Amino acid sequence: MNRSSGVLLPVSSLPSRYGIGTLGHEAYAFADFLHAAGQKYWQLLPLGPTSYGDSPYQSFSTFAGNPYFIDLDLLVEDGLLEQADLDGIDWGDNPRYVDYGKIYESRFPVLRRAFQRGYARDREAVEAFRRENHWLDNYALYMAVKSRFGMKSWLEWPDGDIRLRKPEAMARYAGELEEDVAFYSYLQYLFYRQWDALRDYIHSLDIQIIGDMPIYVAMDSADVWAEPEYFQLGKDLSPAEVSGVPPDYFTADGQLWGNPLYDYDRMKKDGYGWWIRRVEGAGRLFDVIRIDHFRGLESYWAVPYGETTARNGRWRKGPGMDLVSVLTGWFHDLQFIAEDLGYLTPAVHELLRESGLPGMKVLEFAFDTREPSNYLPHTYDRHCVCYVGTHDNETVMQWREQADRSNITMARKYLGLSEAEGFHWGIIRGGMSSVADTFVVQMQDCLGLGAEGRMNTPGTLGGNWQWRLLPGEASPALARKLYLYTRIYGRI
């Protein structure tokens, strides 16, 4: 990665009149903002359909796009909706935060109208899209059956034959739910049609897209339902152990994620074909893929199923370079970033070194006065990506208020921070001026927001993934200021 910089802003955080960010005109406007600011990267969170808890890291599919992101104004322009279809709907009353409950209640009836108007017109194009995307049939049937059973997890479906994907049950439900299967297929066609147009526009501005690939997939997903043989599941298809991370300084109970664990021995038998298909799908969306929880490829924390915390887990050996070398060797047109945060052992450091991938440096972790830190900019080599903070961290202004005073004092001295420049801009300057090839800042930190701008607090449920940019905040003045820092430190 050449010397450059970018901004982290999820699609959900874009402004819109309909309660959540989309792939419409505001996304194009934000790309224009990035271009004016001299940025080369737009970093996103995962784009998949979200489930309980609204986390983009717990999706119904590792391949599908989130129907919430389909832009409704573009559907009006395409003749699939009328403005009257959208008027009078309660999308939420606070433009700063997504109200997922109201979005869930309102979005799908509107999209159903678009399907009813457009599916016959677009049938041939949808069929071509289906042939090109191997995952779509399983996903659309999974969502149709899930809808039939009140959106329960597939492990709780009352018909055991469809849970186990018996051929006669698959055929019967595909016939009974033909319209719903077509509906969910059509939504993916619309999502990818809008995404492809947006991605082409972003590329025309010489901007690339960094996207997150969660290391695990959700238990309640078409991925596990369709291919359970690739996961550590019992005969009843329930897991013996699930994913998480052990207790640490930040979380006394660790983090219990609850995802099923991979059967890496089974995956290796066909050359990790499941992973190849997965990364191929991510490459359909992104130019650079950040591999979330990279250390889990060296060894991973396995927690007995049914535990309420992650305390009682154990470390188990991961696939290491067996898998990493397949991915980096197979996809020559993709770049990867290793999210190498968390509890790192010498073996994890060796895996990162052997992989040749750039790791991550987080400035909010740099100024802990209790011990030496390799997150301090003077310790970097070029081959890394420097962040002020990630979506899982406080905003930098929130960090200033909540961190130990000695850490803030060290940051002020180390970076020469001043009130005249602004604390958040001084931290941004620290990352911009580092030798790291790539620097990424959250949009909230460009705006100098406090706790109200935090995107996610790990280990908590509710109140996350809601923050949104307000209209006008990505202003020409802000673009000029960000451009100035970017030019001074040679990242244009």
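The preceding data block contains the structure.
Heads up: these notes are all about the structure in this document. (Residues numbered from 1 in each chain as written. Predicted model: local features only at pLDDT ≥ 70, side-chain atom pairs only at ≥ 80, totals over all residues. Heavy atoms only, no water.)

Overview of helix 18 (residues 476–488)
Consideration 1: Here helix 18 contains 13 residues, and its C-alpha end-to-end distance of 18 Å stays within 8% of the 18 Å for a straight helix at 1.5 Å per residue.
Consideration 2: Among the residues of helix 18, those classed as buried are L478, A479, L482, Y485 and T486. Seen along its axis, helix 18 keeps its buried residues to an arc of 130°; they face one direction. Seen from the open side of helix 18, the exposed residues pointing more than 90 degrees away from its buried face are P476, R480 and I488.
Consideration 3: Check the buried side of helix 18 and you find it contacts strand 1 (4–8), helix 1 (25–36), helix 16 (423–432) and helix 17 (443–446). (Helix = DSSP H or I, 4+ residues; strand = E, 2+ residues; numbered from the N terminus. Expected span 1.5 Å × (residues − 1). Buried < 20%, exposed > 50% of the residue type's maximum accessible area, 1.4 Å probe, protein only. Arc of directions from axis to C-beta. Contact = heavy atoms within 4.5 Å.)

Quick word on the packing of helix 16 against helix 18
The relative placement of two packed helices comes down to the angle between their axes together with the axis-to-axis distance.
Consideration 1: The contact between helix 16 and helix 18 brings their axes to 10 Å, and the two run at 40°. By the angle between their axes, helix 16 is oblique relative to helix 18. Contacts from W425, R429 and M432 in helix 16 reach L478, K481, L482, Y485 and T486 in helix 18.
Consideration 2: Taken together, the residues of the contact of helix 16 with helix 18 break down into 5 nonpolar, 1 polar and 2 charged. (Axes fitted to C-alpha atoms, helices over the stretch in contact; angles between N-to-C directions. Parallel < 35°, antiparallel > 145°, perpendicular 65-115°, else oblique. Nonpolar A, V, L, I, M, F, W, Y, C, P; charged D, E, K, R; others polar.)

Some points on the side chain of T345
Consideration 1: With respect to the element layout, T345 can be found in the loop between strand 9 (335–338) and helix 13 (346–355).
Consideration 2: In this view, T345 contacts R295 and E298; residues no more than four positions away in its chain are not counted.

Overview of the packing of helix 1 against helix 8 (residues 178–204)
Consideration 1: Following both chains from N to C, one finds helix 1 and helix 8 inclined at 15°, their axes separated by 10 Å at the closest point. If you check the angle between helix 1 and helix 8, you find them roughly parallel. Crossing hand, helix 1 versus helix 8: right-handed. Listed contacts from helix 8 to A27, Y28, A31 and D32 of helix 1 are Q194, A197, L198, Y201 and I202.
Consideration 2: Classifying every residue of the contact of helix 1 with helix 8 by side-chain character gives 7 nonpolar, 1 polar and 1 charged. (Left-handed = near helix turned anticlockwise from the far one by under 90°.)

Digging into the nonpolar core
Consideration 1: Counting residues in each nonpolar core, the largest one holds 160 residues, and the members touching the most others are F30, W42 and W275.
Consideration 2: If we skip the residues at most four places from it in the chain, W42 touches V7, L9, L14, A27, F30, A31, L34, I202, I207, Q208, I209 and I210. (Core = buried A, V, L, I, M, F, W, Y, C linked by side-chain atoms within 4.5 Å.)

Structural notes on the sheet that holds strand 8 (residues 314–317)
Consideration 1: Judged by pairing direction, the sheet is antiparallel, and its 4 strands sit side by side in the order 5-4-7-8 without closing on themselves. Among the strands making up the open sheet, the edge pair consists of strand 5 (255–260) and strand 8. Averaged over neighbouring strand pairs, the angle between their axes works out to 50° when direction is ignored.
Consideration 2: The pairing of strand 4 (residues 241–245) with strand 5 spans 3 bridges and is antiparallel. For V242, the partnering residue across the bridge sits in strand 5 and is P260. (Pairing = 2+ DSSP bridges.)

Geometric values such as these leave the question of function open.
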